[in-house]
Structure formats: structure tokens, C-alpha cells
Amino acid sequence: MQIRLHLPGTGSLKEKRSVIRSILDRMKQKFNVSAIEAAEQDKWQTAVLAVACVSAHSAQAHRQLEQVLAFVESNPSVQVYETDLEIL
């Protein structure tokens, strides 16, 4: 899954990286997924997160990724403006 974010409250790359690192760390711990900042690293108010999980059943993977998305959307520091979820 890819999650495109807007970070309206950040004024520097350092602030952005702090917010993104916190989200990624908590996401990995809470949902046991692999996640990285995949694009827009040099822009201080946008980010693209890539999230992956492995499951024996596609429905389980879909539920898990939906929970991850809800978790990111609940963060007041970011605004989700686009997602792309793909189950292989």
C-alpha cells in the first residue's frame, strides 16, 4: 500500500522526518508491517509511505492494511490525500 501525506504543520525537513519516523516506528510495532518513506524525502510538507505485510489470506492482509491506514489517518500531524492498496 502507498499512502500520500500532507504535513501542514512542518516547517523543515527535520520536523517532517521526526513526524514520519514516529508514525513509521509506531506502525511497525503495532501492526507488524514493513514500512518506509518511499518518496518525496526532499519535500518538507509531503511524504509517501510504502507499507507491506504478508498473510496466508488476502482478506486478512486487506484488513491489516485498512487498520494501518486508519491509524495514519488518526494522526493529527498529517493529512492523507491519496492511497493505493494492492493485494498480490
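Residues numbered from 1 in each chain as written. Predicted model: local features only at pLDDT ≥ 70, side-chain atom pairs only at ≥ 80, totals over all residues. Heavy atoms only, no water.

K.L.:
In this structure, what is going on with the packing of aromatic side chains? I would like to understand it.
P.N.:
By convention here, two paired aromatic rings are described through the distance between centres and the angle between planes. Overall, the coordinates contain one aromatic pair when judged by the stated rule. Aromatic side chains Phe31 and Phe71 sit 5.7 Å apart centroid to centroid with 65° between the ring planes, which places their arrangement in the edge-to-face category. With a gap of 40 residues between them, Phe31 in helix α1 (residues 13-31) and Phe71 in helix α2 (residues 58-73) connect regions that are remote in the sequence. Assigned by exposure class, Phe31 and Phe71 land together as buried. (Phe/Tyr/Trp six-rings, centres within 6.5 Å; stacked < 30°, edge-to-face > 60°. Helix = DSSP H or I, 4+ residues; strand = E, 2+ residues; numbered from the N terminus. Buried < 20%, exposed > 50% of the residue type's maximum accessible area, 1.4 Å probe, protein only.)

K.L.:
I keep staring at the sheet that holds strand β4 (residues 79-84) and nothing clicks. Help me out?
P.N.:
Hydrogen bonds along the backbone pair up the strands of a sheet, which may run parallel or antiparallel. Pairing is antiparallel in the open sheet, where four strands are placed in the order β2-β3-β1-β4. Where the open sheet ends on each side, the last strands, each with one partner, are β2 (34-39) and β4. In this sheet, adjacent strand axes meet at a mean angle of 25° when their direction is disregarded. This element, α2, spans β1 (2-6), β3 (46-52) and β4 of the sheet and lies at about 160° to β4. (Pairing = 2+ DSSP bridges. Axes fitted to C-alpha atoms, helices over the stretch in contact; angles between N-to-C directions. Contact = heavy atoms within 4.5 Å.)

K.L.:
For this particular structure, what's the right way to read the side chain of Thr46?
P.N.:
Position of Thr46 among the secondary structure elements: in strand β3. Those residues in contact with Thr46, other than ones at most four positions away along the chain, are Leu5, Leu7, Lys16, Glu40 and Tyr81.

K.L.:
Would you mind showing me how to read α1 here?
P.N.:
Taking 1.5 Å of rise per residue, the 19 residues of α1 would be expected to cover 27 Å, and the 26 Å separating its terminal C-alpha atoms lies within 8% of that figure. Looking only at α1, the buried set comprises Lys16, Val19, Ile20, Ile23, Leu24, Met27 and Phe31. All buried residues of α1 lie within an arc of 125° about the axis, which places them on one face of the element. α1 presents Lys14 and Gln29 as exposed residues on the side facing more than 90 degrees away from its buried surface. Where α1 is buried, its residues touch β1, β2, β3 and α2. Count one or two residues on from α1 and you reach Asn32, which has phi positive near 55°. (Expected span 1.5 Å × (residues − 1). Arc of directions from axis to C-beta.)

K.L.:
For this particular structure, what's the right way to read unusual backbone geometry?
P.N.:
What you tend to see is this: most non-glycine residues have negative phi, and most peptide bonds are trans. One non-glycine residue, Asn32, lies in the positive phi region at around 55°. Mapping Asn32 onto the fold places it in the loop between α1 and β2. On the accessibility criterion, Asn32 (68% relative accessible area) is exposed.

K.L.:
Looking at this model, I keep getting lost on the pairing of β3. Mind explaining?
P.N.:
Two faces, one strand: in a regular strand the side chains alternate between the faces of the sheet. Counting buried residues in β3 gives five out of seven residues, a clear majority hidden from the surface. Inspection of the sheet shows β1 paired to β3 by five bridges, in the antiparallel sense. Among the inter-strand pairings, His6 is bridged to a residue of β3, identified as Thr46. Across five bridges, the pairing between β2 and β3 is antiparallel.

Just distances and angles here, no functional claims.
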